[in-house]
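# Examination of the molecular architecture
Okay, here's what each chain looks like letter by letter:
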Amino acid sequence: MVQLSRICCRKYGKFIDNLRLYVRGGSGGMGLPRLGGQGGDGGDVWVVATKDMTLKRVKDKYPQKRFVAGTGGNSSVKALKGERGEDCNVPAPVGIAITTDHGRLIGNLDALGDRVKVAKGGRGGSYRSLFNPSKARPCNIRLDLKLVADMGLVGFPNAGKSSLLTAMSNAKPEIASYAFTTLQPEIGKLMYKDHKQISVADLPGLIEGAHLNKGMGHKFLKHVERTKQLLFVVDVSGFQLASKTPFRSAFEAVQLLTKELELYKKELVSKPALLVVNKMDLPDAAEKLEELKIQLQSPEGFCSLLDDDMIPDEYINFQHIVPVSALTGLGIEHLKGCIRQSLVEEADAETKVSHEEKLQELRQHFDKLSRTSPAVTKKVVV
């Protein structure tokens, strides 16, 4: 039993992954010179990670895309200290990177409830400002959505990613025999018998030159950045995007996908990755799978098949190579088990590293303590 969550983007159907907003903090309140009263500070503008929120909903609810916080209260005889202006909260989905128009990162929303201040209110009038308040500076910010998922499906068009997501999760993305099927990201949630859930993002198929923003290029490569691991999907028989483009074997497809990720952002290639070899129901699939496994064991020996500029700097060592048929269901349960195992192994490794770092900090602390206080002879057993 699995649910599908559709999250929205830019101008592909109803999907929006980038939104530009005008924000301004509230102006401060007037001071009261004759009694030395201080005006209230203006409110701030915050972007808040909100449940079930999408950028499209933000755009539909606030078509003017203007967010201004409340003005601080003026000082008066009844209240020498003016009230602070009301804050303005901008709802946003989890997975948002907030930047200025010039690309400077302001902050990220990685979990529900995360808050980032994007505009500060003006100060209330006081003795120091001759009781005149300050006005807040307006600015424009950008909300850039990068999908947060455990696994990200990566593959060339028609590798069977949408069919695979359907087979694993009962999700229903559009599926067809033509190359460009997925035009917007889909997120399926795998639910296991013990109620464990794992999210898998199906991203539109890449094409050669995606790192140069060809096809949907950067618009969807960026969504790979926040997935914990990568799930490469290739057609066991290879593929040909169009009659004028060269045929690519499964091995070539793996290396070209690696190169595209590497050229877009090199750190992506260091993510743990699994390889799904799809369409094992086709004739001669078993022989082609064995050939692919041999090639992946020593990829340097087979890269003469590629042009020099298509050879990745580093080859990916896949955690698992899983043959499946999304059409017949062959290998799907095994794949789900491998996905879970790989994520658990990564989590255990991260916990171990964190534990070792804390132990190292403790050792350094007590080493420093013993040097500054020689009389201390306590023995710490870790």
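Labelled according to an unreviewed UniProt entry, the protein appears under the name GTP-binding protein 10, originating from Neogobius melanostomus. Annotation of the protein in UniProt includes, under Sequence similarities (unreviewed entry), the sentence "Belongs to the TRAFAC class OBG-HflX-like GTPase superfamily. OBG GTPase family." In the Subcellular location (unreviewed entry) part of its UniProt record, the protein is described as follows: "Nucleus, Nucleolus".

## Thoughts on the overall build of the protein
For the protein, the helix and strand inventory stands at six helices and 17 strands. Going through the 382 residues of the protein one by one, you find that 47% of them count as buried. By element, 51% of the accessible surface of the protein is carried by carbon and sulfur atoms, the whole surface being about 20,600 Å².

## Digging into the environment of Thr-99
Along the chain, the position of Thr-99 falls in strand S8 (residues 96-100). Separated by 19 residues in sequence, Thr-99 and Val-118 place their C-alpha atoms 9.2 Å apart. If sequence neighbours within four positions are ignored, Thr-99 has contacts with Arg-104, Leu-105, Ile-106, Ile-141 and Arg-142.

## Observations regarding the nonpolar core
Counting 61 residues, the largest nonpolar core has Val-45, Val-47, Ile-98, Leu-143, Phe-232 and Leu-275 as its most contacted members. Examining the composition of this core, we find that seven residues originate from one element, helix H4 (residues 250-264), more than from any other. One finds Leu-165, Tyr-192, Leu-231 and Leu-335 within the second-largest nonpolar core, a separate group that totals 22 residues.

## Examining unusual backbone geometry
Look at Lys-65: it is not a glycine, yet its phi comes out positive at around 55°. Here Lys-65 is to be found in the loop between helix H1 (55-61) and strand S6 (66-68). Judged by its relative accessible area of 26%, Lys-65 is partly exposed. With a phi close to 65°, Lys-279 is a non-glycine residue in the positive phi region. Take Lys-279: it is sitting in the loop between strand S16 (273-278) and helix H5 (285-297).

Cut-off values and rules
- Per chain, residue numbering runs from 1 following the sequence as it is written.
- Predicted model: local features are reported for residues with pLDDT of at least 70 only, side-chain atom pairs are reported and counted for 80 or more only, and whole-chain, interface and lining totals are derived from all residues.
- To get the side-chain values, take all heavy atoms of the structure and skip hydrogens and water.
- UniProt positions are given in the numbering used here, feature names are shortened, and annotations may be inferred rather than shown by experiment.
- Helix and strand labels come from DSSP, where a helix needs a run of H or I of at least four residues and a strand needs a run of E of at least two; each type is numbered from the N terminus.
- Note on classification: 1.4 Å probe, protein chains only; a residue is buried when its accessible area is under 20% of the maximum for its type, exposed when over 50%, partly exposed between these limits.
- Under the convention used here, a 1.4 Å probe and the Shrake-Rupley method define accessible areas, while residue burial counts only the protein chains that appear.
- In this description, contact between two residues means that some pair of their heavy atoms is separated by no more than 4.5 Å.
- Among buried residues, the Ala, Val, Leu, Ile, Met, Phe, Trp, Tyr and Cys ones that are joined through side-chain atoms within 4.5 Å form a nonpolar core.

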